[in-house]
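# Summary of the model geometry
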Amino acid sequence: MSHDRDLRQIALVIETLRQVLPHADQPLTGDTPLTAIWTYDSLSLYRMITELESVFNVELDAALIVPDTFATPATIARAFTAQDGKLLSISGKETKR
């Protein structure tokens with residue numbers, strides 16, 4: 001991803017998180033650990049995935065539904081970025097669908 005595209009994707013994730021986690025009153029950046037948000041729980045995770053799948057128009061690969069994927073807005077954006085039928089893992093290595 002280009003830097004500008006990275007920033008746009010992260011901004012979309014942050015906007016979605018603000019809708020799903022309305023009590024997230026501290027500033028959110030690409031590197032904000034989501035575990036620091038007190039409203040972040042399993043129900044929030046489900047709502048987050050559902051909403052982000054709609055926003056990005058992609059179904060998240062089940063193999064990526066792991067804690068590392070949802071560590072920060074940046075890791076979430078990376079997981080939802082689809083390229084040529086492949087998803088990038090959090091480390092940036094390709095994960096076959």
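Below: a short report on this structure. Every value quoted in this text rests on a predicted model; they were computed, and no experiment measured them.

### A word on the environment of Pro67
Note that Pro67 resides in the loop between α2 (42-56) and α3 (73-79). Pro67 gets classed as exposed once you look at its relative accessible area, which sits at 71%. Distance from Pro67 to Thr35, taken between C-alpha atoms, is 10.0 Å for residues 32 residues apart in sequence.

### Quick notes on the side chain of Thr81
As for its placement among the helices and strands, Thr81 is situated in the loop between α3 and β1 (82-83). For Thr81, the side chain forms a polar contact with the main-chain oxygen of Ala77, separated by 2.7 Å.

### Observations regarding the nonpolar core
Ranked by size, the top nonpolar core spans 21 residues in total, and within it Val13, Leu17, Met48, Leu52, Ile76 and Phe80 carry the most contacts. Of all the secondary-structure elements, those providing two or more residues to this core are α1 (3-20), α2 and α3. Counting residues per element, this core draws most heavily on α1, at five residues. Not counting residues within four places of it along the chain, the set of residues in contact with Ile76 comprises Val13, Leu34, Met48, Leu52, Thr69 and Phe70.

### Let's talk about the packing of α1 against α2
Between two packed helices, both the angle of their axes relative to each other and the distance between the axes serve to describe the pair. As a packed pair, α1 and α2 sit with axes 10 Å apart at the nearest point and diverge in direction by 135 degrees. As judged from the angle between their axes, α1 and α2 are oblique. Here the hand of the crossing between α1 and α2 comes out right-handed. For the pair α1 and α2, the contacting residues are Gln9, Leu12, Val13, Thr16, Leu17, Gln19 and Val20 in the first and Ser44, Arg47, Met48, Glu51, Leu52, Val55 and Phe56 in the second. The residue inventory of the contact of α1 with α2, partitioned by class, reads eight nonpolar, four polar and two charged.

### Some points on α2
The end-to-end C-alpha distance of α2 is 21 Å, a good match for the 21 Å that 15 residues give at a rise of 1.5 Å each. For α2, the set of buried residues is Ser44, Met48, Ile49, Leu52 and Phe56. Projected down its long axis, α2 shows its buried positions confined to an angular sector of 135 degrees, all on one face. Residues of α2 that are exposed and point over 90 degrees away from its buried face: Leu43, Tyr46 and Ser54. Those residues of α2 that are buried lie in contact with α1 and α3. Positioned one or two residues after α2, Asn57 has a phi angle of 55 degrees, which is positive.

### Side note on the environment of Arg78
Here Arg78 is to be found in helix α3. On the basis of relative accessible area, Arg78 is assigned to the partly exposed category, the value being 26%. For the pair Arg78 and Gln9, spaced 69 residues apart in sequence, the C-alpha to C-alpha distance is 8.1 Å.

So, how was this worked out
- Residues numbered from 1 in each chain as written.
- Predicted model: local features only at pLDDT ≥ 70, side-chain atom pairs only at ≥ 80, totals over all residues.
- Heavy atoms only, no water.
- Helix = DSSP H or I, 4+ residues; strand = E, 2+ residues; numbered from the N terminus.
- Buried < 20%, exposed > 50% of the residue type's maximum accessible area, 1.4 Å probe, protein only.
- Polar contact = N/O pair within 3.5 Å; in protein donor to acceptor, adjacent residues only side chain to side chain.
- Core = buried A, V, L, I, M, F, W, Y, C linked by side-chain atoms within 4.5 Å.
- Contact = heavy atoms within 4.5 Å.
- Axes fitted to C-alpha atoms, helices over the stretch in contact; angles between N-to-C directions.
- Parallel < 35°, antiparallel > 145°, perpendicular 65-115°, else oblique.
- Left-handed = near helix turned anticlockwise from the far one by under 90°.
- Nonpolar A, V, L, I, M, F, W, Y, C, P; charged D, E, K, R; others polar.
- Expected span 1.5 Å × (residues − 1).
- Arc of directions from axis to C-beta.

Without other data, these values stay purely geometric and don't point to any function.
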